[in-house]
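Residues per chain, in single letters:
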Number of protein chains: 2
Amino acid sequence: MNMIPIKILSDNDVKVILDIRNTVACVENAYLLKANNQARLFPLISEDLSEGKADMDIKSGILNGEDTFGLKLVAWFGENEKQGLPPLTGLTMIFDLKTGLPKAIINARYLTAMRTGAAGAIGIKYLSKTDSEVLLVAGTGFQAVFQIAAAISVKPSLKKVYIYNPLRYQSAMKLQCSIKEELGKITNDIGDLGNCMWLQRIDSVDFIAVDNAAKALEETDTVITITPSRKAYISNEWVMPGTHFSCIGADMPGKQEIDEKIFEVARVFVDDIHQASSVGETQTPIKSDIIDEKHITEIGYLINGTIKGRTSDKDITIFDSTGIALQDLTVSNFLIKKAEELNIGTAVYI
Amino acid sequence: MNMIPIKILSDNDVKVILDIRNTVACVENAYLLKANNQARLFPLISEDLSEGKADMDIKSGILNGEDTFGLKLVAWFGENEKQGLPPLTGLTMIFDLKTGLPKAIINARYLTAMRTGAAGAIGIKYLSKTDSEVLLVAGTGFQAVFQIAAAISVKPSLKKVYIYNPLRYQSAMKLQCSIKEELGKITNDIGDLGNCMWLQRIDSVDFIAVDNAAKALEETDTVITITPSRKAYISNEWVMPGTHFSCIGADMPGKQEIDEKIFEVARVFVDDIHQASSVGETQTPIKSDIIDEKHITEIGYLINGTIKGRTSDKDITIFDSTGIALQDLTVSNFLIKKAEELNIGTAVYI
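Just so you know, these numbers come straight off a predicted model, no measurement behind them. (Residues numbered from 1 in each chain as written. Chains lettered and ligands numbered in written order. Predicted model: local features only at pLDDT ≥ 70, side-chain atom pairs only at ≥ 80, totals over all residues. Heavy atoms only, no water.)

### Re the domain arrangement of chain A
Interface size is commonly expressed as the accessible surface area that is lost when the partners come together. All names here are of chain A. As far as domains go, chain A holds domain 1 (5-111 + 326-349) and domain 2 (129-323). Using only C-alpha atoms to locate each centre, domain 1 and domain 2 end up separated by 23 Å. Facing 21 residues of domain 1, the contacting portion of domain 2 comprises 28 residues. Between domain 1 and domain 2, a total of about 2,000 Å² is buried, with carbon and sulfur atoms accounting for 60% of that surface. The interface formed by domain 1 and domain 2 holds 3 salt bridges in total. With its nearest N and O atoms 3.6 Å apart, the salt bridge here joins D189 to R21. Counting across the domain 1 and domain 2 interface gives 9 residue pairs in polar contact (both at pLDDT 80 or more). Only α1 (11-17), α2 (20-35), β4 (54-63) and α3 (109-127) provide two or more residues apiece to the side of domain 1 that touches domain 2. Looking at which element gives the most residues to the side of domain 1 that touches domain 2, the answer is α2, with 8 residues. (Domains from an automatic or database assignment. Contact = heavy atoms within 4.5 Å. Buried area = accessible area lost by both parts, 1.4 Å probe. Salt bridge = Lys/Arg side-chain N within 4 Å of Asp/Glu carboxyl O. Polar contact = N/O pair within 3.5 Å; in protein donor to acceptor, adjacent residues only side chain to side chain. Helix = DSSP H or I, 4+ residues; strand = E, 2+ residues; numbered from the N terminus.)

### So, helix α5 (residues 169-184) of chain B
All names here are of chain B. The end-to-end C-alpha distance of α5, which contains 16 residues, comes to 23 Å, matching closely the 22 Å that a straight helix rising 1.5 Å per residue would cover. Residue S178 marks the point of greatest curvature in α5, where the axis turns by about 55°. Summarising the contacts, the buried residues of α5 are in contact with α4 (142-154), β9 (160-164), α6 (196-203) and β10 (206-210). (Expected span 1.5 Å × (residues − 1). Bend = angle between axes of the 7 residues up to and from the residue.)

### Considerations on the packing of helix α3 (residues 109-127) of chain B against helix α12 (residues 325-342) of chain B
Residue and element names in this part refer to chain B. Where α3 meets α12, the closest approach of the two axes is 10 Å, and the angle between their N-to-C directions is 120°. Considering the angle they form, α3 stands oblique to α12. In this structure, α3 meets α12 at a crossing whose hand is right-handed. Residues L111, R115 and A119 of α3 form the contact with α12, whose participating residues are Q327, D328, V331, S332 and L335. Taken together, the residues of the contact of α3 with α12 break down into 4 nonpolar, 2 polar and 2 charged. (Axes fitted to C-alpha atoms, helices over the stretch in contact; angles between N-to-C directions. Parallel < 35°, antiparallel > 145°, perpendicular 65-115°, else oblique. Left-handed = near helix turned anticlockwise from the far one by under 90°. Nonpolar A, V, L, I, M, F, W, Y, C, P; charged D, E, K, R; others polar.)

### A word on empty space enclosed by the protein
Residue and element names in this part refer to chain B. In this structure the tally under the stated criterion is 6 cavities of 30 Å³ or more. Here the largest cavity defines a volume of roughly 50 Å³. Along its surface, the largest cavity is lined by I20, T23, V24, M114, G117, A118, F146, A149, A150 and I186. For the lining of the largest cavity, the class distribution of residues is 8 nonpolar, 2 polar and no charged. When residues of the lining of the largest cavity are assigned to domains, at least three fall in each of domain 1 (5-111 + 326-349) and domain 2 (121-323). There is about 40 Å³ of room inside the second largest cavity. (1 Å grid on protein atoms, 1.4 Å probe; cavity = no way out; pocket = protein on both sides within 12 Å on 5 of 7 lines; lining within 4 Å. Points joined across faces, edges and corners; volume = space filled by probe spheres on them.)

### What about the sheet that holds strand β10 (residues 206-210) of chain A?
Residues and elements named next belong to chain A. Across the sheet, which stays open at both edges, the 8 strands sit in the order β10-β9-β8-β11-β12-β15-β13-β14 with parallel pairing between neighbours. Two strands bound the open sheet, and with one partner strand each, they are β10 and β14 (296-298). Each neighbouring strand pair of the sheet contributes to a mean axis angle of 20°, computed without reference to strand direction. Across 4 bridges, strand β11 (residues 222-225) lies against strand β12 (residues 244-247) in parallel orientation. (Pairing = 2+ DSSP bridges.)

Printed below as a string of structure tokens:
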């Protein structure tokens, strides 16, 4: 029986290879391949493992444009932190579309954090005002750091980041204290030796915890939402003309972060129409008949130039990202290629 | 960042551990846990990768009874054989239900062959006549060998095996020539040193290629169907009272092997009602309104004693198995445990 060589990449291996810039490039390419019919998602599997305490989802798809198919299983175990274990765990499996043979198994933890940060940032890159200076990040968990990192990487005009937690101001304060150190642990550009330019960039931004979202929004032109909220905590009345939202937290039925009325006047982009309207921020305005699917465009069509994004400095724009398998597949392919070049990871016969 | 230890089991590792007897025990346990509400299937994903040339499915589920959840991706690439590659490839991923951490990655090729053989045999063990002597196996591909192996292992009364290929008699002749050698490569019982008793058992059976199914069925009391057929090749009129069918080949919409009228009078058992009636042999009689879901029982209820199987030597019985994730999970758990004991496989940090 012939043994098949596969590559195993640990979270540490992934961390050595991935920087914000190459991750953003991979995720943009995933959106582009989808819009150009060179990629397709398979149905999302999302299941409770222990009610309110643990769940998992399986995201899978095919990337004809990169001769790949595969999946990612990610599980959330809410009580892991008490035992010193990571609450998010998971693996990515990558297969060759020419032969069906497995190519690699990759720890999905850091990969997911980076590709999700990249998604939020791509929304900002393509939709927020050119000279956007003030970002409000709602949410102070593990993923918030990656959202901030990718946002300030793709948007050099950003000077100030408001950190907001709709439930606990204290958490926002805590993140304000640690954010520079946390951001410094992420690599922006592997070519930037010692991460020097990145550390300078981080230092050029003010990070300020806020406890009044309405007031902060008066000054904000770019918003990222990244909480597990089940009801809107940003009211339509607080939103200034010209604001862009990257909505990242809602990824399950019942989740919502921003007032569905904001969708009424906004230009709305998503990663995948079906997934966004069933489990994303878009689910509520769709259910409430505020918008229908005709009002929504997949962001790949903005990237490939088919559709225009922002048309004026007054437009309110939304990018709703629920996270799609194609992001995981393009990033995984990049990791496999780089791991080969740099001789990183463990080769195993299976 | 903490690294997580996982075990990689190659196809050769699996082959060292799995024998027919322990595989049958694991698969029976999977059915039992399902009937006892200690296990649950997640939705089946089944997708074309290249029309008519390649497809894949993802089977996933949770085994509360064994603190496990996970999935198996299996792909079929019809043109692989021309390049000397296996047409079936795939991997199983096993996770710990207490922490969500990954435990093992297992090559799914031999595992799938063995657990699918075990399924057909469990149908025979619980439903065919006690003294069944003649088995007809329709289908002469890779999986037919595993079906025959498991059948003659669980049913010591079997003395004669008719080998039938509905399209090419030559293929049946070819399998008749090689079947004893092929069966000899499978381990029936690891405790049987040198596989001696198993080789004797194989030698006690006559294997005969046939080109007339109607005639062979006059003498047959147990049937296994394991072809990729899309229309019935066994007619209702040919079936003798008392015959048992283990229907294994149909596992996709549009597949069918036996006349749907046989279901009208048969006692029908399946591995999973939803899956069998949507992609299994049961799909056609359901669609034709010959039976409804009330006529179908999951075999776990037969194994746990809730429902009676065969009630007389005249009953026609059917076990329709489409293959469920829980089989893969129980077999994988057994493999992980044994690999630990025997120090088999590769330990990797991920």
